[in-house]
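Okay, here's what each chain looks like letter by letter:
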Amino acid sequence: KMVELVVEAATTASHNRKMMTHLIDCYCGSGLFALGSSSSFDVCVGIEVNTKAVEEARENAALNGIQNCDFVSASAEAIFQSQDPVRATMNVGEDKDLLVRDFPRESTVVVVDPPRKGCSEEFLQQLNEYSPARVVYMSCDPATQARDAKFLVSFGYEIVSIQPFDLFP
């Protein structure tokens, strides 16, 4: 249910009925949200500091025949400034190298699923400068989520919904 709600929040058309076409999954782990929603986007990229998790995300994509996702092993703070292109298959047989910073902001959603310590101020500032159409924030710590949400609201984002889950029953 939790994954379904995150995917739904990421893929729902905006108030002007514009569909999101690009997804950036920050702190992606083994690619749960990027892979789970890939069929709804032209391009998905996940970023994760844990190299093993990135390898697993790439393996999951290959095993499931998902070609429009790429995964980067780096800190989340690196994604918006990266000079390293991501590779995605837009259409069958059509590979394209893209820089994340060149994704169309008006149709890009950023999913954020940070560790318990939440996002760094550096990351939040870069997210603000990048200014995607939508941010979906998943958290395992309500205190750091509230702290980070204050930053997002101060940047002009509106909290549309909050859905608690007991991740550690």
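Rules used throughout
Counting of residues starts from 1 at the beginning of each chain's written sequence and follows it residue by residue. Whole-chain, interface and lining totals are the exception, using all residues; otherwise, since this is a predicted model, local features are given only for residues with pLDDT of at least 70 and side-chain atom pairs are given and counted only at 80 or more. Excluding hydrogens and water, the side-chain figures rest on all heavy atoms present in the structure. Take the buried residues of types Ala, Val, Leu, Ile, Met, Phe, Trp, Tyr and Cys, join any two whose side-chain atoms come within 4.5 Å, and each joined set is a nonpolar core. Partly exposed describes any residue whose relative accessible area lies between the buried limit of under 20% and the exposed limit of over 50%, with all areas from a 1.4 Å probe on protein chains only and scaled to the type maximum. Strands here mean DSSP runs of E at least two residues long; helices mean DSSP runs of H or I at least four residues long; both are numbered from the N terminus.

(A) Molecular detail of the nonpolar core. By size, the foremost hydrophobic cluster in this structure holds 25 residues, and its most contacted members are I24, C26, F80, F103 and F123. Among the secondary structure elements, those contributing two or more residues to this core are β1 (22–26), β2 (43–48), β6 (108–112), α4 (121–130) and β7 (134–137). Tallying contributions element by element places α4 first for this core, with four residues. Grouped together as the second largest cluster of nonpolar side chains are 20 residues, F33, L35, C44 and V111 included.

(B) Region of the structure containing unusual backbone geometry. Despite not being glycine, Y27 shows a phi value in the positive range, around 60 degrees. Among the structural elements, Y27 can be located in the loop between β1 and α2 (32–37). In this model, S131 sits at a positive phi of 60 degrees, which is unusual for a non-glycine residue. Structurally, S131 can be placed in the loop between α4 and β7. Since its relative accessible area comes to 39%, S131 is described here as partly exposed.

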